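# Coordinate analysis (summary)
Listed here are the chains, written in short residue letters.
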Amino acid sequence: MQTTPQNTNSGKHLKQWFKRTLGCCLKEERQNRHLDIDTIARTLHTKTINIHNAEQGIDRIQWHTLARLLLFYKKDIEITLTDIKMKK
């Protein structure tokens, strides 16, 4: 996410960006494996709506659902801080 004065005034923008980005990654992983949400929900013993919301980046993050999905996909989250390129 590019940090600008417009999106640093509120942590809300950062939170929305994080949820959307994470959701896109989860959905892409599921689609790459040719799995449907119902199958994963049954396997993980969770509600389909929790997985759907996680993939869409909507509602509050259900951390237990996220943890189960990461374990199911054998994935981890890595966050890296990068330098901001300032305009001259």
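Note that the coordinates shown come from a computational prediction; the quantities given were computed from them, not determined experimentally. (Residues numbered from 1 in each chain as written. Predicted model: local features only at pLDDT ≥ 70, side-chain atom pairs only at ≥ 80, totals over all residues. Heavy atoms only, no water.)

## Some details on empty space enclosed by the protein
- Following the criterion strictly, the structure yields one cavity of 30 Å³ or more and no others.
- There is about 130 Å³ of room inside the largest cavity.
- Taken together, 14 residues make up the lining of the largest cavity; nearest its centre are Asn53, Ala54, Arg60, Ile61 and Gln62.
- Of all the secondary structure elements, the ones that give two or more residues to the lining of the largest cavity are α2 (11-32) and α4 (48-56).
- In the lining of the largest cavity, the residues fall into six nonpolar, five polar and three charged. (1 Å grid on protein atoms, 1.4 Å probe; cavity = no way out; pocket = protein on both sides within 12 Å on 5 of 7 lines; lining within 4 Å. Points joined across faces, edges and corners; volume = space filled by probe spheres on them. Helix = DSSP H or I, 4+ residues; strand = E, 2+ residues; numbered from the N terminus. Nonpolar A, V, L, I, M, F, W, Y, C, P; charged D, E, K, R; others polar.)

## Quick notes on α4
- Among all positions of α4, only Asn50, Ile51, Asn53 and Glu55 are buried.
- If you follow the buried residues of α4, they end up packed against α2, α3 (37-44) and α5 (63-73).
- Positive backbone phi, at 70°, marks Gly57, one or two positions downstream of α4. (Buried < 20%, exposed > 50% of the residue type's maximum accessible area, 1.4 Å probe, protein only. Contact = heavy atoms within 4.5 Å.)

## Considerations on the packing of aromatic side chains
- Applying the stated rule across the entire model yields one aromatic pair.
- Ring geometry for Phe72 versus Tyr73: centroids 5.4 Å apart, planes at 65°, classification edge-to-face. (Phe/Tyr/Trp six-rings, centres within 6.5 Å; stacked < 30°, edge-to-face > 60°.)

## Examining the nonpolar core
- Counting residues in each nonpolar core, the largest one holds eleven residues, listed as Leu22, Leu26, Ile37, Ile40, Ala41, Leu44, Ile51, Leu66, Leu69, Leu70 and Tyr73.
- Apart from residues lying up to four places away in sequence, Leu44 is in contact with Arg68, Leu69 and Phe72. (Core = buried A, V, L, I, M, F, W, Y, C linked by side-chain atoms within 4.5 Å.)

## A closer look at unusual backbone geometry
- Positive phi values are uncommon outside glycine, yet His45 reaches one of about 55°.
- Summarising the element assignment, His45 is placed in the loop between α3 and α4.
- A positive phi angle, near 55°, is found at Lys74, a position not held by glycine.
- A relative accessible area of 74% means that Lys74 is categorised as exposed.

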